[in-house]
Amino acid sequence: LRGVPLEQVQGVRVVPKARIDDIDRRGHERVVPCNTMARVTSESKIGDAFRFDQPARIVDISFFGCCIQLAPVPSLAEHTRDLTLHLQSPEFSRDLLVFEYNEQGLMRCIFLHGNIQKAEEWAELLKDPAFFIKKPVSERDRAAVRRIY
C-alpha cells in the first residue's frame, strides 16, 4: 500500500510460485481423539429432529479444523454452512464450515470460533493426553497432506 516491494516488508516472506506446493501449510499440529466416534448435525430442524444427523469418525483434528469420515451422503451440499461436530469423549461441540467433501464421505472442515472462552477451552482440551494423541505422520502421508491442505 505504501509502494514498497514485498521483499522489503518486515515479516513477509515471498515464495516463488513453483515452490508453493512444497510449503507445509499447517500452523497447528493435528491430533487424533482417543475416541474417534462423533456425530455431525445440521442446525436446521424439522420439528424436534435435526434435518442432518449422521455418525462420523474423526480422522484428525486441530484447533482450526478437522477431517471427518461420514457414510456417503448425497445431500451434504445444502448443509455445508450449518453443521456441528459433537464429540462424545470429551463431550464438546464445534460449529463447522465444510470446504471440501467427496463421494466417499470424507469432509474437510474449519471450525467457527465465535466465542473466545469456548475457543480457549478447546485449545486446552486439545493438549490433554487423556482425550487426544499426536497423529503420527509418515513421509508419504506428509506429502499427501501438503497437497490437500
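Residues numbered from 1 in each chain as written. Predicted model: local features only at pLDDT ≥ 70, side-chain atom pairs only at ≥ 80, totals over all residues. Heavy atoms only, no water.

### Points about the side chain of Thr84
Basically, it comes down to this: In this description a helix means any DSSP run of H or I spanning at least four residues, a strand means any run of E spanning at least two, and both kinds are numbered starting from the N terminus. In the analysis that follows, any N or O atom pair within 3.5 Å is treated as a polar contact, provided that within protein one partner can donate a hydrogen and the other can accept it, and provided that, for residues neighboring in sequence, both atoms belong to side chains. Note on contacts: a residue pair qualifies if any of its non-hydrogen atoms lie within 4.5 Å across the two residues.
Looking at the secondary structure, you find Thr84 in strand 7 (residues 83-87). Within the structure, the side chain of Thr84 is placed 3.0 Å from the side chain of Asp95, a separation counted as a polar contact. The residues touching Thr84, leaving out its near neighbours within four places in the chain, are Arg39, Val40, Thr41, Glu43, Ser93, Arg94, Asp95 and Leu96.

### A closer look at the layout of surface pockets
Here is the rule we go by: Put plainly, a pocket is an open set of points on a 1 Å grid over the protein atoms alone with protein on both sides within 12 Å along at least five of seven lines, a cavity is a set where a 1.4 Å probe fits but cannot get out, and a lining residue has an atom within 4 Å of a point. Grid points are joined across faces, edges and corners, and a volume is the space filled by probe spheres set on the points.
What the largest pocket holds in volume is close to 260 Å³. Along the walls of the largest pocket sit 13 residues, with Glu29, Val31, Ala123, Leu126 and Lys127 positioned nearest its centre. Elements that contribute at least two residues to the lining of the largest pocket include exactly helix 1 (116-126) and strand 10 (132-134). With 3 residues, the top contributor of residues to the lining of the largest pocket is strand 10.

### With respect to helix 1
Filter applied, for reference: Remark: exposure states derive from per-residue accessible area (1.4 Å probe, protein chains only) relative to the maximum for the residue type, with buried under 20%, exposed over 50%, and partly exposed in between. Here the arc refers to the directions that run from the helix axis out to each C-beta atom.
Considered for burial, the residues of helix 1 that qualify are Ala119, Trp122, Leu125 and Leu126. For helix 1, the buried positions fall inside an angular range of 125 degrees around the axis, keeping them on one side. The outward face of helix 1, more than 90 degrees from its buried face, is lined by the exposed residues Ile116, Gln117, Glu120 and Glu124. Considering only its buried residues, helix 1 is in contact with strand 1 (31-33), strand 5 (53-61), strand 7, strand 8 (92-101), strand 9 (106-111) and strand 10. Structurally, the start of helix 1 carries an N-cap: the backbone nitrogen of Gln117 is 2.8 Å from a side-chain oxygen of Asn115.

### Concerning the confidence of the model for the protein
Applicable threshold: Note on scores: pLDDT gives the predictor's confidence for each residue, bounded by 0 and 100.
Averaged over all residues, the pLDDT of the protein is 79; the fraction at 70 or higher stands at 74%. Confidence drops under a pLDDT of 50 for residues 142-149, and excluding neighbours within four residues, the segment shows 16 contacts in the predicted structure.

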